Amino acid sequence: MSKTAPKTYITSGHSGCAGCCDAFAAKFALMGAGPNTIVVNPTGCLEVMSTPFPYSSWQVPWIHSLFENAGAVASGVEAALKALGKKDDIKVISIGGDGSTMDIGLGALSGAFERGHDFTYVCMDNEAYMNTGVQRSSGTPFDASTTTTPAGKVSFGNPRPKKNMPAIMAAHGSPYVATTSIGFPRDMIRKVKKATEIVGPTYIHSHAPCPTGWGFDTSKTLEIAKLAVETCLWPMYEMENGEITQVRKVKDPRPVEEYLRAQKRFKHLFTMEGGEEEIKKIQATADWNIKHFGLQ
Amino acid sequence: MIDPAYRKKMVVVEGSYAVAHSAKVCRPNVISAYPITPQTHIVEDLSQFIADGEIPNCEYINVEAEFSAISALIGASAVGARTYSATTSQGLLLMHEALFNTSGMRLPVIMTVANRAVGAPINIWNDHQDAISQRDTGWIQLYAEDVQEACDTLPQLYKIAEDNEVMLPGMACMDGFILSHVYEPVVLLEQELTDDFLPSFQPENVLDPEDPKTFGAFAAPDTYEEFRYLQEQAMQKALPKIEAVAKEFEEVFGRYHGGLIDGYMLDDAEIIVMSMGSILGTIKNVVDEYRAKGEKIGVLKVRSFRPFPKEQICKAVKNAHAVVVLDKNISIGTNEGALFTETKSCLYNSKVRVPVIGYTVGHGGRDIPVESIAKVIEETKKVAKSGITVESQFLDLKEESL
Ligand SMILES: Cc1ncc(C[n+]2csc(CCOP(=O)(O)OP(=O)(O)O)c2C)c(N)n1
Ligand code: SF4
Ligand SMILES: [Mg+2]
């Protein structure tokens, strides 16, 4: 990044894999949020790799409680700051994986958004439970092979499409919901900054390709992230008060095949009989995105 | 006889209201709770206090589940807020994972538990299974005998829990319905006296951007065990504090409910009945009758179940001829209640030699009449004379419906 890039508040030296998506996501989120921020981090790769006691990568106050309660813990942090008269100066953000956000922690997160706490939730979506060894989550895309939805003689992998999490959060009446990607740091930093400046519960869903879980070279994290956007499998947009207000256009969408071929988790689509048909279904998802979000 | 000046201060209110009032005068900064019978009136009363602007600098979080109630307080306490919740039964069980977390992070969250049975079968009445099942979570547990004690326990518990040498969460247990819904004369805690007694919460470590700290880190085998050891040490340090704080409370408010334990007709007692909670009142009535006949029966009230007052219990029963423990809970698979098991365990390696038997009683709110307590005492007298025949059993089983 350029010399004028904002400072971040998570140091290197953590034990994440080389090219770790969660590390990128946390770094960019903090660049957007700034130093006067309390971070709530549910269980997952980021939490484990950044705080092996007695060390910590965090240069901002940070709390990890459990896998499924970040929304509630953040609610309490925010309420306490209010009660103690400190809320005006301090921001609260939660940074969690797709598993903690979209699956096990959804109830607590829904409660926090419905109650209207003033905080920002950032989901680092690496599309599986990475910390426990790449099991599927409701963020895992259609046909991805994971350790609990492995491709096999009679299976193409994960049988379900991704849950539309941003729509769920927008349906809570959130003033600001945006999708972004670690492949577009400036976009992510801008959106997180904007989200933290808006009063109320705001949500950033960041696509975060994981070299270990998806099966690609550790030098290609940001490249794969960009490819997801360029193939229109990961649309980037902003929603204000439930309405889409900004969309990142993709001039010449690339075929999804390029994206799929680059990752081991989709390898079976190119070797199994019937794989071509499956790839067409995935292309149809990208085409739907183009139309629905007006990407072109 | 109650002193007339003191009587004047007494009001007849519902137990839940008295407890909510007590929570209020402790000046909590964040309250987070979820309704469940028989705790509900406490949170409704607190909500009304908030709606009437009666609790300054306090946020009430209307959470979507008990799991979030306790989780929100974890976040709030870490920021330096004084926190309060109330729950029972299924709600407390739902909190289970987060209870360990609260204690492990050494956050002095305080919660009233209006003790209730757990399902299945679903049952809303009182026993102690809910809180007893949380005994290993690292929370201080104090059990109240009456409404006044349930009220008075709260400021005491804050003072103990927030002590820099302790820093552990605490449950103020009170019997659901029996205490939460009863209308009886109590003194509502005075704000001024409470302020004199309870200093504001000034934790050493908080989440603050001025001095960033990491809460809830990952601990590998080379560091984890020491965290557990320090947690146990903190519990041990709470033992004398519970005694001391009960005395300090007496100095300020003029009321004493016991420290770790309390005795009734205990000094010369040959037969001792041990228990926790509101059943102690009934037991004392029965014991009065025995005493009137000249029989040396006494009562040992256990107020603190966690930390467990081993030394005090050994000392209290050392001259008895037999002890009987009444437990409103059971560990299925042992046929024993927890207080019974732990009492036996703390006596085993001591010099005290006294036979101890147990009854597991009052499940799901089953009434415990005075006749049954008399029956238990008669059995214990037999044990004192000729030894134990049945070590532990259910009380008042309806054999005909089995
Ligand atoms: C209640 C509970 N269930 C399961 C786990 C095990 N677990 C820890 S992290 C994790 C997956 C995390 O996935 P995600 O939220 O996507 O984060 P990632 O590691 O992928 O960044 C699981 C299943 C747990 N810690 N707690
Ligand atoms: S598995 Fe993925 S998310 Fe986890 S540390 Fe490795 S790269 Fe990061
Ligand atoms: Mg994940």
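Residues numbered from 1 in each chain as written. Chains lettered and ligands numbered in written order. Predicted model: local features only at pLDDT ≥ 70, side-chain atom pairs only at ≥ 80, totals over all residues. Heavy atoms only, no water.

## Regarding the overall build of chain B
- Regarding its fold elements, chain B presents 14 helices and 16 strands.
- Scaling as 2.2 N^0.38, a compact globule of 402 residues should have a C-alpha radius of gyration of about 21 Å, and chain B matches this with 21 Å.
- With respect to the principal axes defined by its C-alpha atoms, chain B has extents near 70 × 60 × 45 Å.
- Taking all 402 residues of chain B together, the buried fraction comes to 57%.
- Considering only contacts in chain B between residues 6 or more positions apart, those separated by 24 or more positions represent 81%.
- Of the roughly 16,400 Å² of accessible surface on chain B, 52% is carried by carbon and sulfur atoms.
- Between the centroid of the 36 positive side chains of chain B and the centroid of its 57 negative side chains there is a distance of 7 Å. (Helix = DSSP H or I, 4+ residues; strand = E, 2+ residues; numbered from the N terminus. Rg over C-alpha atoms; globule rule 2.2 N^0.38 Å. Buried < 20%, exposed > 50% of the residue type's maximum accessible area, 1.4 Å probe, protein only. Contact = heavy atoms within 4.5 Å. Areas by Shrake-Rupley, 256 points an atom, 1.4 Å probe, with all protein chains shown as cover. Lys, Arg positive; Asp, Glu negative; His and termini not counted. Charge placed at Lys NZ, Arg CZ, Asp CG, Glu CD.)

## Considering the packing of aromatic side chains
- Under the definition given, this model contains 16 aromatic pairs over all chains.
- When the ring of Y121 of chain A is compared with that of Y203 of chain A, the centres are 6.1 Å apart and the planes differ by 20 degrees; the resulting orientation is stacked. With Y121 of chain A in strand 4 (residues 120-125) and Y203 of chain A in strand 6 (residues 202-207), the pair connects residues that are 82 residues apart, well separated along the chain. The pair Y121 of chain A / Y203 of chain A is uniform in exposure class, with both members buried.
- Consider the rings of W214 of chain A and F216 of chain A, whose centres lie 6.3 Å apart with planes at 75 degrees: the pair is edge-to-face.
- On the accessibility criterion, F216 of chain A (9% relative accessible area) is buried.
- Its guanidinium or amino end placed over the ring of W214 of chain A, R265 of chain A lies 3.6 Å from that ring's centre, counting from NZ or CZ.
- Above the plane of the ring of F49 of chain B lies K24 of chain B, whose end atom (NZ or CZ) is 4.3 Å from the centre. (Phe/Tyr/Trp six-rings, centres within 6.5 Å; stacked < 30°, edge-to-face > 60°. Lys NZ or Arg CZ within 6 Å of the ring centre and 35° of its normal.)

## Looking at the coordination of the magnesium ion (ligand 3)
Residue and element names in this part refer to chain A.
- Taken together, D98 (OD), N126 (OD1) and A128 (O) make up the protein donors of the magnesium ion (ligand 3), found 2.0 to 2.1 Å from the metal.
- Written as a sequence motif, the donor arrangement for the magnesium ion (ligand 3) is D-x27-N-x1-A. Here D98, found in helix 4 (residues 98-104), pairs with A128, found in the loop between strand 4 and helix 6 (165-170); they are 30 residues apart in sequence, far enough to count as distant. Summarising the burial analysis for this pair, D98 and A128 share the class buried. (Donors = N, O, S within 2.8 Å, 3.2 Å for Na, K, Ca; no water.)

## A few points about the site of ligand 1
Residue and element names in this part refer to chain A.
- For ligand 1, the set of nearby residues contains 18 residues, the closest of which are D22, C45, G99, S100 and M130.
- At a separation of 3.1 Å, an oxygen atom of ligand 1 approaches a polar backbone atom of N131.
- Here ligand 1 has 590 Å² of accessible area as a free molecule, and 79% of this is covered by the chains.
- Counting residues per element, the shell around ligand 1 draws most heavily on helix 4, at four residues.
- Along the lines of polarity and charge, the residues of the shell around ligand 1 split into six nonpolar, eight polar and four charged. (Near = heavy atom within 4 Å. Polar contact = N/O pair within 3.5 Å; in protein donor to acceptor, adjacent residues only side chain to side chain. Nonpolar A, V, L, I, M, F, W, Y, C, P; charged D, E, K, R; others polar.)

## Some remarks on the site of ligand 2
Residues and elements named next belong to chain A.
- Taken together, G16, C17, C20, C21, D22, C45, M49, N126, M130, C210, P211 and T212 form the complete shell of residues around ligand 2.
- Broken down by secondary-structure element, the contributors of at least two residues to the shell around ligand 2 are helix 1 (21-33), helix 2 (45-50) and helix 8 (211-214).
- Its residues placed into classes, the shell around ligand 2 shows eight nonpolar, three polar and one charged.

## Brief notes about helix 5 (residues 106-115) of chain A
- Every buried residue of helix 5 of chain A is accounted for by A108, L109, G111, A112, F113 and R115 of chain A.
- Once helix 5 of chain A finishes, G116 of chain A follows within two positions and takes phi at roughly 80 degrees, a positive value.

## Re the domain arrangement of chain B
Residues and elements named next belong to chain B.
- Split by domain assignment, chain B resolves into domain 1 (4-253) and domain 2 (261-401).
- Here domain 1 and domain 2 have C-alpha centroids that lie 28 Å from each other.
- Between domain 1 and domain 2, the contact holds 29 residues from the first and 26 residues from the second.
- Roughly 2,200 Å² is buried in total at the junction of domain 1 and domain 2, and carbon and sulfur atoms are behind 50% of that figure.
- In terms of surface lost to domain 2, no three residues of domain 1 exceed R135, Y143 and E145, which account for 29% of the buried area on that side.
- Our enumeration of links across domain 1 and domain 2 arrives at six salt bridges.
- R303 is paired through a salt bridge with E149; the nearest N and O atoms lie 2.8 Å apart. (Domains from an automatic or database assignment. Buried area = accessible area lost by both parts, 1.4 Å probe. Salt bridge = Lys/Arg side-chain N within 4 Å of Asp/Glu carboxyl O.)

## What to know about a nonpolar patch on the surface
- A surface patch of nonpolar side chains, about 300 Å² in accessible area, is lined by F394, L397 and L402 of chain B.
- Within the secondary structure, L397 of chain B sits in the segment after strand 16 (392-394). (Patch = residues over 30% accessible without salt bridge, like charges linked within 9 Å, V, L, I, M, F, W, Y side chains within 5 Å.)

## Things to note about the interface of chain A and chain B
- Contact with chain A, which involves 39 residues of that partner, is made by 37 residues of chain B.
- Summed over the shared surface of chain A and chain B, the result is one salt bridge.
- The partner of E64 of chain B in a salt bridge is R115 of chain A, and the shortest N-O contact between them spans 2.8 Å.
- Elements with a minimum of two residues in the side of chain A that touches chain B: strand 1 (37-40), helix 2, strand 2 (62-63), helix 3 (70-83) and helix 5 of chain A.
- The element best represented in the side of chain A that touches chain B is helix 3 of chain A, accounting for 10 residues.

## Some details on the sheet that holds strand 5 (residues 176-181) of chain A
- Here we have nine strands laid out as an open sheet, ordered 8(A)-7(A)-5(A)-6(A)-4(A)-3(A)-1(A)-2(A)-9(B), and mixed in their pairing. Whereas interior strands pair on both sides, the edge strands pair on one side only; in this sheet they are strand 8 (243-247) of chain A together with strand 9 (214-215) of chain B.
- Here strand 4 of chain A runs beside strand 6 of chain A; their pairing, made up of six bridges, is parallel. Its bridge partner being in strand 6 of chain A, D125 of chain A is matched across the sheet by H207 of chain A.
- In the packing of helix 1 of chain A onto the sheet, contacts are made with strand 1, strand 3 (91-97) and strand 4 of chain A, and the angle to strand 3 of chain A comes to roughly 165 degrees. (Pairing = 2+ DSSP bridges. Axes fitted to C-alpha atoms, helices over the stretch in contact; angles between N-to-C directions.)

## Looking at the UniProt feature "domain: Thiamine pyrophosphate enzyme TPP-binding" (unreviewed entry) in chain A
- The sites that UniProt annotates as "domain: Thiamine pyrophosphate enzyme TPP-binding" (unreviewed entry) are residues 43-205 of chain A.
- Across residues 43-205 of chain A one finds 34% helix and 15% strand; the C-alpha atoms that close the span lie 17 Å apart. (UniProt positions renumbered as here; feature names shortened; annotations may be inferred.)

## Focus: the side chain of E14 of chain B
Residues and elements named next belong to chain B.
- With respect to the helices and strands, the residue E14 is situated in strand 1 (residues 10-14).
- The buried charged residue E14 lacks any salt bridge, with R116 as its nearest oppositely charged partner at 14 Å.
- At 2.8 Å, the side chain of E14 and the side chain of H41 are in polar contact.
- Discounting residues that sit within four places of it in the chain, E14 has contacts with H41, S180, H181, V182 and Y183.

## Here's the deal with helix 4 (residues 66-79) of chain B
- Helix length check: helix 4 of chain B (14 residues) gives 20 Å between terminal C-alpha atoms against 20 Å at 1.5 Å per residue, within 8%.
- With respect to burial, helix 4 of chain B is a largely interior element, 14 of its 14 residues being buried. (Expected span 1.5 Å × (residues − 1).)

## Digging into unusual backbone geometry
- Cis rather than trans, the peptide bond between F53 of chain A and P54 of chain A has omega equal to 10 degrees.
- Along the chain, P54 of chain A falls in the loop between helix 2 and strand 2.
- Cis geometry is found at the peptide bond from A120 of chain B to P121 of chain B, where omega equals -5 degrees.
- With a phi angle near 75 degrees, D143 of chain A is a residue other than glycine that sits in the positive phi range.

## Here we look at the pattern of salt bridges
- Per the counting criterion, the structure on display carries 40 salt bridges over all chains.
- Among the ionic pairs, E295 of chain B bridges to K381 of chain B, the shortest N-O distance being 2.8 Å. Of the two residues, E295 of chain B sits in the loop between helix 11 (279-292) and strand 12 (297-302) while K381 of chain B sits in helix 14 (residues 370-386), which places them 86 residues apart along the sequence.
- Judged by its relative accessible area of 26%, K381 of chain B is partly exposed.
- A single network of salt bridges, built from pairs that share partners, joins D187, R190, K191, K194, E238 and E240 of chain A.

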